[in-house]
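Structure assessment
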Amino acid sequence: MSTPLLMIPGPIEVSPAVVEAFSIKPPSHVAPDVIEAFGRSLERMRSVWCAGADAQPFVIPGSGSLAMDVAANSVVEPGDRVLQVNTGYFGDRMAIMLRRRGAEVVEVGAELGEAPAIEQVASALQNGPFKAIFATHVDTSTGVRIDPAPICRLAREHGCLSVFDGVCATAGECFEMQAWDADVYLTGSQKAVGLPAGLALLMLSPRAMAARAALKVAPPMSLDVEVWLPIMQAYEARRPSYFATPPTNLIMALDVSIGEILADRVADETGMAARFTRHQMAADAMRAAWRSMGLRMVPAEGLEANTLSAVKLPDGVDPTLPGKVEAHGVIIAGGLHPKIKSTYFRVGHMGEVVSHPDLLLRTVGAVAAGLNDAGYPADAATARVAAEKELG
Ligand SMILES: *Cc1c(COP(=O)(O)O)cnc(C)c1O
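Here is a short report on the structure shown in this document. (Residues numbered from 1 in each chain as written. Predicted model: local features only at pLDDT ≥ 70, side-chain atom pairs only at ≥ 80, totals over all residues. Heavy atoms only, no water.)

Along the chain, Met-94 turns up in helix α4 (residues 89–100). For Met-94, a relative accessible area of 4% translates into the label buried. Not counting the four nearest positions on each side in its chain, Met-94 is found in contact with Met-68, Ala-72, Gln-84 and Phe-134. (Helix = DSSP H or I, 4+ residues; strand = E, 2+ residues; numbered from the N terminus. Buried < 20%, exposed > 50% of the residue type's maximum accessible area, 1.4 Å probe, protein only. Contact = heavy atoms within 4.5 Å.)

Structural data, given as structure tokens:
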């Protein structure tokens, strides 16, 4: 059988050109090709983030979690008060990171699968002042997507920073860093950016950089955007620089992936608009397929992310479903949130696969077959037709 298709919420299937770019002997971090790839990646990250020319990109060796820690440590210091909009497992993690930094964290949460109403966030802000509002754009444990725009607006009204964990969203879900006037948007390379794991990617507004400059308690060096800033500035000016060795193979691949993302077009849309539309269409197709099989989503209606589906297991089907689906050539994920872990499964649909209807339909077929093997009567043909309708 051909290699299984990787449809989990990260790492994901990456494009052939990306595979080619990282499948080379490790180049030096001062090699001309690496300098050019690094510099161009930083420049073009602003387009992927829909950020202005004054926003500062960072490419740091590490995971998505490291990017979260960089944000928490670079704009917050001991004694700061932070409001955290919590929609699941990664919100819990962010709160822990902020508390470890010595911040006082006030959480605004909701039932699992829900998100707090913007009025709740606004009323929590009345008990300010807060240094920053932290939120998770898409919480991968619940499949819930929040709307960052009104949170950014509230942050401006209250004079605090807005920081978003975009690890399961950036480059797949619409995020207008400049138009919304957001302060930090971060991700890891193995999600919708379309690379293997290993790069922490962040964008900071001038306000966020000023907040770092004003800290009295400096962060650990590897988590400090001020330590990384001269390195980023040097590479963007096409000069090498060194603080800690960058994963050079991934830098080569990042340049290729960003090029592909920005070159996308669908109907009369180009660039990020096309990219977001493709993810929307793929998500609509997958949801149509799940619904046609009689399945229900974990996220409440209207809050479903476009980058993944979090789907409730139907009655009588146990959490071994991913194993049954894998027998049909597609790897999906089980539940993640400890409170509901054994009651749902997750399918990632971000990056490369959203431009390949055949791969999305193959996934639908494999899930239907796995459900059949588990004794649940899902009709693959009907589900495929439902998905195809959304893919146009
Ligand atoms: C995957 C994910 C993370 C963690 O990324 P790692 O690279 O696994 O550390 C953080 N936040 C969200 C929303 C994620 O989906």
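Between helix α2 (residues 32–48) and helix α10 (residues 248–262), the least distance of the axes is 8 Å, while the angle of their chain directions is 40 degrees. On the basis of the axis angle, α2 is oblique to α10. Read as a crossing pair, α2 and α10 show a hand that is left-handed. Between α2 and α10, the residues in contact are Asp-33, Val-34, Ala-37, Phe-38, Arg-40, Ser-41, Arg-44, Met-45, Ser-47 and Val-48 and Thr-248, Ile-251, Met-252, Leu-254, Asp-255, Ile-258, Gly-259, Ile-261 and Leu-262, respectively. For the contact of α2 with α10, a count of residues per class yields eleven nonpolar, four polar and four charged. (Axes fitted to C-alpha atoms, helices over the stretch in contact; angles between N-to-C directions. Parallel < 35°, antiparallel > 145°, perpendicular 65-115°, else oblique. Left-handed = near helix turned anticlockwise from the far one by under 90°. Nonpolar A, V, L, I, M, F, W, Y, C, P; charged D, E, K, R; others polar.)

Another point: helix α8 (residues 206–213). Counting along an α-helix, one turn takes 3.6 residues, and residues three or four places apart therefore face a common direction. Burial in α8 covers these residues: Ala-208, Met-209, Ala-211 and Arg-212. With its buried residues spanning 155 degrees around the axis, α8 presents them on a single face. Those residues of α8 hidden inside the fold are in contact with β2 (56–61), α3 (64–75), β8 (161–165), β9 (184–188), β10 (199–204) and α9 (225–236). (Arc of directions from axis to C-beta.)

For the rest of this paragraph, the subject is the sheet that holds strand β4 (residues 104–108). With respect to topology, seven strands assemble into an open sheet ordered β2-β10-β9-β8-β5-β3-β4, the strand pairing being mixed. Taken across any chain shown, the strands that pair with only one partner, and hence form the sheet edges, are β2 and β4. With direction set aside, neighbouring strand axes in the sheet form an average angle of 20 degrees. As paired elements, β8 and β9 share three bridges and run parallel to each other. By the bridge assignment for β9, Phe-164 is matched with Tyr-185. Sheet contacts for α9: β2 and β10; angle to β2, the most-contacted strand, approximately 105 degrees. (Pairing = 2+ DSSP bridges.)

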